[in-house]
Amino acid sequence: MAEIRPVAIDAFRYRIPRDEALGMRTDVVVYASAALMHHIRKDQSLAQAMNVATLPGIVGSSLAMPDIHQGYGFPIGGVAALDTEHGVVSPGGVGFDINCGVRLVRSTLTEDQVRPRIKELVDQIFRDVPCGTGREGRVEIKPAQLEDVLRQGARWMVANGYGDERDAAFAEAGGALDSARPAKVSERAKERGGPQLGTLGSGNHFLEVQYVEEVHDAAAARAMRIETGQVVVLIHSGSRGLGHQVCTDYVALMNQVMPRYGISLPDRQLACAPARSQEGEAYLGAMAAAANFAWANRQAILHFLRGAFRRVFGAAARLELIYDVCHNIAKRETYTVDGRKREVLVHRKGATRAFPPGHREIPADYRSIGQPVFVPGSMGTASWVLVGQQGALDETFGSVCHGAGRLMSRTAVRKGKDARHEQRKLEEQGIFVRSESRDGILEELPEAYKDVDEVIEVVHCAGLARKVARLRPMGVIKG
Amino acid sequence: MTFELLEHPADIGFRARGRTLAELFGNCGHALVSIILDSSAIEPVQRVPLAAAGGDYESLLVNWLNEVLYAVDGRRMALGAFDISRLEETRIECLAWGEPRDPVRHPGRVVVKAVTYHQLKVARTAEGWLAEVYLDI
């Protein structure tokens, strides 16, 4: 392929025009600053965003968020809206970790109270929240109950003693998609993922004890009941082996049936089927069930986290869920496109929903400020709390970035480094890390990621989401 | 070492070789298991039949490695040997040997989510066969 030359639209937007010779049905719009674009052009993410533009039934542009980096088929940080009647659904557009997402929890404690006991707290959390690389989960469920988890998501966990009513209400979609069809999830997926319920996972999954470093929007922070110096916890996990297997099963199935639907694509990892086909509908039912499993998983982790806080700080230390957002999902939503209402299947692959103030899907407590969005940075830097803005609804199918975006490969960042030394360096900065594996620490070092502040600046200035608060890590638990 | 690691911005890949196609598939199986866990002490005491089909060598390799992944991550088996009894362009049959995963003897390294088609390569070389495979982790 010839060199890709994105054209600057303004200081925060670039366009790659449609190239019919490559089979593109639309153009690509990338949200980035000049500095971020310099990094983005180094990997294959732009070519992947162009491949997404070839999907049958794509509506609007193939979109890329400022944290975009190379993924499989879809770039990570990619958004694509596909017509629900005439378009396709692509499991790769959701990813192997269906409903990977983050939930932010506020505590009744301050940084001053937690910092002197951070090692003790992190060790306790490390004991109470299994990572799942060697150990299995602590939620014991029978096969029939797994069906209920797949149908009811976080609501099942709450009904069975793993949280309170408020927890499910403060998750995207109320912590469960009603479109789930557990019968479309293979026995393999159930066998692989079932025992992992209530585990964090490895890779970039983590649990961070943080404090609110600075508040940028006082009204929004008040609505979320957070203030400077307050301790919060960010949980980043997904649907574990159950979601991975669902994606694997349906990528294989769709690769088989694509020729029957006359679909030919530049990358097999984009495998898709018409959304209205038997295979497309089966995938969407299975994906929703896996998404529910992920919400149940994050709910179980919150439950175990509460136990760890109580053991260290006593019963008065309370944890309340602020909100829970997913960043790997496909959802039916309605948008005005070129002056008319269209129902589309929004594929968010490493992108977060970001609805603006007034949207009916936002819990009443937050409706006046916009949907809370949480963007984790790397473990040595910062994470951000944002709220969705009208620009996201107008331009990006209600979507915004999901992280800092990787800069270096896992092997490159490990080279010449010693885990214990790096751990001590982080401790000198006031960040205490526990990981199931040494490689886990090295692979997720801050230098492996782009500057999260720069990513946030782009979405803030482009009017997709607004800054609310910057969070600094104190304790990190990694798989 | 029968494989080498390849870089990917977010994940990881490996390059494996074999004098024959069967040896290549076996070495790819070893590579996948060794990325997931410490495979140095696996005892071949239990057998696990693994079969897969595909439209060509590439999809056959992805589908077969996903079978290996399911055995390791789903059935919690540590697999140390792969006896491939039949290998055609669209079908593979194999008896894998190993034992149930033991976190002490086979410490976990990384959770592999899936085997992907990203930049997948199965090619003939002067010495035999070569494959490049990327994993989502």
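Details of the structure are given in the entry above.
1. Regarding the pairing of strand 15 (residues 372-375) of chain A
Residue and element names in this part refer to chain A.
Here is step 1 of the chain: By the alternation rule, side chains of strand 15 split into Pro 372 and Phe 374 and Val 373 and Val 375, which are all buried.
Here is step 2 of the chain: Bridge count for strand 15 against strand 16 (residues 383-388) is four bridges, and the pairing is antiparallel. Opposite Val 375, over in strand 16, you have Trp 384 as the bridge partner.

2. A closer look at the sheet that holds strand 4 (residues 77-87) of chain B
Residue and element names in this part refer to chain B.
Here is step 1 of the chain: Taking strand neighbours across the sheet as the criterion, the three strands line up as 3-5-4 in an open arrangement whose pairing is antiparallel. The sheet terminates laterally at strand 3 (46-53) and strand 4, the two strands that pair on one side only. Going from strand to strand, the sheet's axes swing by 25° on average, the running direction of each strand aside.
Here is step 2 of the chain: The pairing of strand 4 with strand 5 (residues 91-100) spans nine bridges and is classified as antiparallel. Across the sheet, Phe 82 pairs through a bridge with Ala 96, a residue of strand 5.
Here is step 3 of the chain: Docked against the sheet, helix 1 (residues 21-36) engages strand 4 and strand 5, running at close to 165° with respect to strand 4.
Here is step 4 of the chain: Helix 2 (residues 57-74) rests against strand 3, strand 4 and strand 5 of the sheet, and its axis sits at about 150° to strand 3.

3. Some details on helix 2 of chain B
Here is step 1 of the chain: Counted at 1.5 Å a residue, the expected span for helix 2 of chain B with its 18 residues is 26 Å, and the 24 Å between its end C-alpha atoms agrees.
Here is step 2 of the chain: Within helix 2 of chain B, 16 of the 18 residues are buried, leaving the element largely enclosed by the surrounding structure.

4. Concerning the sheet that holds strand 4 (residues 58-69) of chain A
Residue and element names in this part refer to chain A.
Here is step 1 of the chain: An order of 1-2-3-4-5-13-12 is seen for the seven strands of this open sheet, with the pairing classed as mixed. If you trace the sheet from one side to the other, it starts and ends with strand 1 (7-10) and strand 12 (328-337), each paired once. The sheet shows a mean angle of 25° between the axes of neighbouring strands, direction not considered.
Here is step 2 of the chain: Of the strand pairs in this sheet, strand 5 (residues 76-83) and strand 13 (residues 340-349) are connected by six bridges, and their pairing is antiparallel. By the bridge assignment for strand 13, Asp 83 is matched with Val 344.

5. Structural notes on the interface of chain B and chain A
Here is step 1 of the chain: Each partner contributes residues to the interface: chain B has 37 residues there, and chain A has 38 residues.
Here is step 2 of the chain: Seen at the junction of chain B and chain A, the total is four salt bridges.
Here is step 3 of the chain: Asp 97 of chain A serves as the salt-bridge partner of Lys 113 of chain B, at 3.9 Å between the closest nitrogen and oxygen.
Here is step 4 of the chain: At the boundary of chain B with chain A, the tally comes to eleven residue pairs in polar contact (both at pLDDT 80 or more).
Here is step 5 of the chain: Those elements giving two or more residues to the side of chain B that touches chain A turn out to be strand 1 (3-7), helix 2, strand 6 (114-115) and strand 8 (129-136) of chain B.
Here is step 6 of the chain: For the side of chain B that touches chain A, the element with the most residues is helix 2 of chain B, which contributes nine residues.
Here is step 7 of the chain: Residues of the side of chain B that touches chain A, tallied by class, amount to 16 nonpolar, nine polar and twelve charged.

6. Things to note about the state of the cysteines
Here is step 1 of the chain: Applying the stated criterion across every chain yields a total of zero disulfides over all chains.
Here is step 2 of the chain: Here Cys 401 of chain A is not cross-linked by a disulfide; its sulfur's nearest cysteine counterpart is in Cys 461 of chain A, at 12 Å.

7. Observations concerning the environment of Val 28 of chain A
Here is step 1 of the chain: Position of Val 28 of chain A among the secondary structure elements: in strand 3 (residues 28-31).
Here is step 2 of the chain: Taking the C-alpha atoms as reference, Val 28 of chain A lies 6.3 Å from Met 50 of chain A; in sequence the two are 22 residues apart.

Cut-off values and rules
- Every chain's residues receive numbers from 1 upward, in the order its sequence appears when written.
- Note on labels: chains are lettered from A, ligands numbered from 1, in written order.
- Residues qualify for local features only when their pLDDT is at least 70, as the model is predicted, and side-chain atom pairs are given and counted only at 80 or more; totals for whole chains, interfaces and linings, by contrast, use all residues.
- Calculation of side-chain values draws on the structure's entire complement of heavy atoms; hydrogens and water are dropped beforehand.
- Relative accessibility thresholds used throughout: buried, under 20% of the residue-type maximum; exposed, over 50%; partly exposed, between the two (1.4 Å probe, protein chains only).
- A run of H or I in DSSP counts as a helix once it spans at least four residues, and a run of E counts as a strand once it spans at least two, with each numbered from the N terminus.
- Two strands make a pair as long as DSSP finds a minimum of two bridges between them.
- To obtain each axis, a line is fitted to C-alpha atoms, and for helices this fit is confined to the stretch in contact; angles are then taken between N-to-C directions over 0 to 180 degrees.
- By definition in these notes, contact holds between two residues if any of their heavy atoms fall within 4.5 Å.
- Expected span of a helix, by definition, is 1.5 Å for each gap between consecutive residues, and there is one gap fewer than residues.
- Salt bridges, as used here, are contacts in which a Lys or Arg side-chain nitrogen is within 4 Å of a carboxyl oxygen on Asp or Glu.
- Nitrogen and oxygen atoms within 3.5 Å of one another constitute a polar contact, given that in protein one can donate a hydrogen and the other can accept it, and given that sequence-neighbouring residues count only through two side-chain atoms.
- Polar here means any residue outside two lists: the nonpolar Ala, Val, Leu, Ile, Met, Phe, Trp, Tyr, Cys and Pro, and the charged Asp, Glu, Lys and Arg; Gly therefore counts as polar.
- Criterion for a disulfide: a pair of cysteine sulfur atoms at a distance within 2.5 Å.

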